[in-house]
Amino acid sequence: MGEVANKLALKTDEFQSLFIGQFPEKQLKVGNSGIYYQTLTDFDFISLKIQYPKFGIEALIRDYSLIEEPEILENLEEDEKLETEKIKTLKLIQHTLQLSAHVLNQDKESRKNNLPDNLTRQD
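So, here is what we can say about the structure in this document. Note that the structure is a prediction, hence the values are computed from the model and not measured.

Turning our eyes to something else, we now look at the nonpolar core. One finds Tyr36, Leu60, Tyr64 and Leu97 to be the most contacted residues of the largest nonpolar core, which totals 28 residues. Mapped by element, the contributors of at least two residues to this core are helix H1 (3-9), helix H2 (13-29), helix H3 (33-40), helix H4 (43-51), helix H5 (57-65) and helix H7 (84-106). When residues of this core are assigned to their parent elements, the largest contribution, 5 residues, is made by H7.

Listed below in structure tokens is the structure:
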């Protein structure tokens, strides 16, 4: 388990669900785009959200789309917005997850074996 998983293991089920389900969106909405980026590029968080029964890969993919929602972007100050390179990185991860979604939904063992390779491979 990674650092995020270890910390969450000590929390209640309700806290875990709220954190995994809402943390990235809440951070972006309050202008913490750096934490939003850090969370969505953290393999531990990515794995947790995919494996958490209440959410899964579709919910994770939606987290990456938040950076393009006009109602969120309009409320961010200029210094709270992500740089172009970071947005490209998030879109690349999102695209990789979209391409892997059918496999991850079918075969839970693939989550452990294939996702790290897919996220680190740059063709």
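The subject of this paragraph is the packing of aromatic side chains. Tallied over the entire structure, the rule returns 4 aromatic pairs. Relative to Phe45, the ring of Phe19 has its centre 6.2 Å away and its plane inclined at 80°; by these criteria the two rings are edge-to-face. Here the residue Phe19 occupies a position in helix H2, and Phe45 occupies one in helix H4, the gap between them amounting to 26 residues. Neither Phe19 nor Phe45 differs from the other in exposure class; each is buried. The interplanar angle of 25° and the centroid separation of 5.5 Å between the aromatic rings of Tyr52 and Phe55 together place this pair among those described as stacked. Tyr52 gets classed as buried once you look at its relative accessible area, which sits at 18%. You can call Phe55 partly exposed: its relative accessible area is 21%. Grouping aromatic residues by their ring pairs yields a cluster made of Phe15, Phe19, Phe23 and Phe45. Cation over ring: Lys11 sits above Phe15, and NZ or CZ is 5.3 Å from the ring centre. Sitting above the plane of the Tyr37 ring, Lys86 keeps its charged end 5.0 Å from the centroid.

Rules behind the numbers
For every chain, the first residue of the written sequence is number 1, and numbering continues from 1 onward in sequence order. Restriction of local features to residues with pLDDT of at least 70 applies here, the model being predicted, together with a cutoff of 80 or more for giving and counting side-chain atom pairs; totals for whole chains, interfaces and linings are based on all residues. Side-chain metrics in this entry use all non-hydrogen atoms of the structure; hydrogen atoms and water are not considered. Residues belong to a common nonpolar core when they are buried Ala, Val, Leu, Ile, Met, Phe, Trp, Tyr or Cys residues joined through side-chain atoms within 4.5 Å. Note on exposure labels: buried denotes an accessible area under 20% of the residue type's maximum, exposed denotes more than 50%, and partly exposed covers the range between, all computed with a 1.4 Å probe on protein chains only. Runs of H or I in DSSP of at least four residues are treated as helices and runs of E of at least two as strands, each being numbered from the N terminus. Only rings of Phe, Tyr and Trp enter the pairing, Trp through its six-membered ring, and a pair is recorded when the two centres are within 6.5 Å. The plane angle decides the type: under 30 degrees is stacked, over 60 is edge-to-face, the rest tilted. Geometrically, a lysine NZ or arginine CZ counts as sitting over a ring once it is within 6 Å of the ring centre and also within 35 degrees of the ring normal.

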